[in-house]
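One-letter residues, chain by chain:
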Amino acid sequence: MLKIRNAALSDLPRLIEIEKFCFSKEEAATPDATKQRLQHIRDSFFVAEEAGTIAGLVNGPVTRQEFITDDLFENIIANLPFGGHQTILGLAVHPDFQSRGISAKLLVHLEKEARKRNRKTVTLTCKEDLIPFYEKHGYINMGVSDSAHGGAVWYNMSKRLK
């Protein structure tokens, strides 16, 4: 049975492994960045666990601005207690657990937690091929992002929370 919980520092090795499997070297969160996220934004860093094995992750800080800026990938500060915009810097599922709806469950969980804290939106950047996935989950394509993270072209996706 799938369990979604807050990530812990002890999860770091598995989280780094998932990042390496799911993102290019240029795009994956560094071990230091992942550790920083675990230390400062644990309230918005979740893992999906099945039979004691971490299958996937979702994380991102809360910001005052509506869209992700590249500095967020390396410099994390504690989340605002209420309000702001919930970002998603990483949503990834280990290849052994893909095609089971885990990404969707992680999204729903993050959105539920964001609503509890009166966040205005959930915002993320994605590559063009993932736009339909996020649109299926209620996100709106807001156009090409200013982000140059990993040298890729990214699209701003946003979902207003009610």
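Figured I'd write up the structure that's included with this text. (Residues numbered from 1 in each chain as written. Predicted model: local features only at pLDDT ≥ 70, side-chain atom pairs only at ≥ 80, totals over all residues. Heavy atoms only, no water.)

Once that is clear, we can look at unusual backbone geometry. As a rule of thumb, non-glycine residues mostly have phi less than zero, and peptide bonds are mostly trans rather than cis. A positive phi angle is found at S99, which is not glycine, with a value near 65°. Even without a glycine there, the phi angle at N118 is positive, about 55°. Its place among the elements puts N118 in the loop between α3 (102-116) and β7 (121-126). Using a relative accessible area of 54% as the deciding quantity, one classes N118 as exposed. (Helix = DSSP H or I, 4+ residues; strand = E, 2+ residues; numbered from the N terminus. Buried < 20%, exposed > 50% of the residue type's maximum accessible area, 1.4 Å probe, protein only.)

With that settled, consider the packing of aromatic side chains. Each pair of aromatic rings is reported with the distance of its centres and the angle of its planes. As enumerated under the stated definition, the model contains two aromatic pairs in all. Following the ring pairs from residue to residue traces out a cluster consisting of F133, Y134 and Y139. (Phe/Tyr/Trp six-rings, centres within 6.5 Å; stacked < 30°, edge-to-face > 60°.)

With that out of the way, let us pick up the pairing of strand β2 (residues 45-50). Regular strands have side chains that alternate between both faces of the sheet. Burial analysis of β2 places five of its six residues in the buried class, the great majority of the element. Sheet topology places strand β1 (residues 2-6) next to β2; five bridges connect them, and they run antiparallel. Across the sheet, the residue bridging to I4 is A48, located in β2. The pairing of β2 with strand β3 (residues 53-59) spans six bridges and is classified as antiparallel. Paired with A48 across the two strands is G56, which belongs to β3. (Pairing = 2+ DSSP bridges.)

Hydrogen bonding along the main chain pairs the strands of a sheet, whether they run parallel or antiparallel. Spatially, the four strands line up as an open sheet ordered β1-β2-β3-β6, and their pairing is antiparallel. At either margin of the open sheet sits one strand with a lone partner, and together these are β1 and β6 (90-93). On average, each strand axis in the sheet is tilted by 25° relative to the strand beside it, whichever way the strands run. Sheet strands in contact with α3 are β1, β2, β3 and β6, and its direction is about 140° off that of β2. (Axes fitted to C-alpha atoms, helices over the stretch in contact; angles between N-to-C directions. Contact = heavy atoms within 4.5 Å.)

This brings us to the pairing of β7. β7 sits mainly inside the fold: six of its six residues count as buried. On β7, burial covers both faces: T121, T123 and T125 on one face and V122, L124 and C126 on the other are all buried. The sheet contact formed by strand β5 (residues 85-88) and β7 spans four bridges and is parallel. Bridging from a neighbouring strand, H85 pairs with T121 of β7. Both β7 and strand β9 (residues 155-160) contribute to a ladder of six bridges, which runs antiparallel. Paired with T121 across the two strands is R160, which belongs to β9.

Quick look at the layout of surface pockets now. For the largest pocket, the calculated volume is near 710 Å³. Along the wall of the largest pocket there are 31 residues; nearest its centre are F23, L91, A92, L130 and Y134. Elements that contribute at least two residues to the lining of the largest pocket include exactly α1 (12-22), β6, α3, β7 and α4 (131-136). Per-element accounting of the lining of the largest pocket gives the leading share, four residues, to β6. Its residues assigned to classes, the lining of the largest pocket comprises 18 nonpolar, seven polar and six charged. Empty space within the second largest pocket amounts to approximately 180 Å³. Forming the walls of the second largest pocket are 13 residues, and the residues nearest its centre are V62, T63, L72, I77 and A78. (1 Å grid on protein atoms, 1.4 Å probe; cavity = no way out; pocket = protein on both sides within 12 Å on 5 of 7 lines; lining within 4 Å. Points joined across faces, edges and corners; volume = space filled by probe spheres on them. Nonpolar A, V, L, I, M, F, W, Y, C, P; charged D, E, K, R; others polar.)

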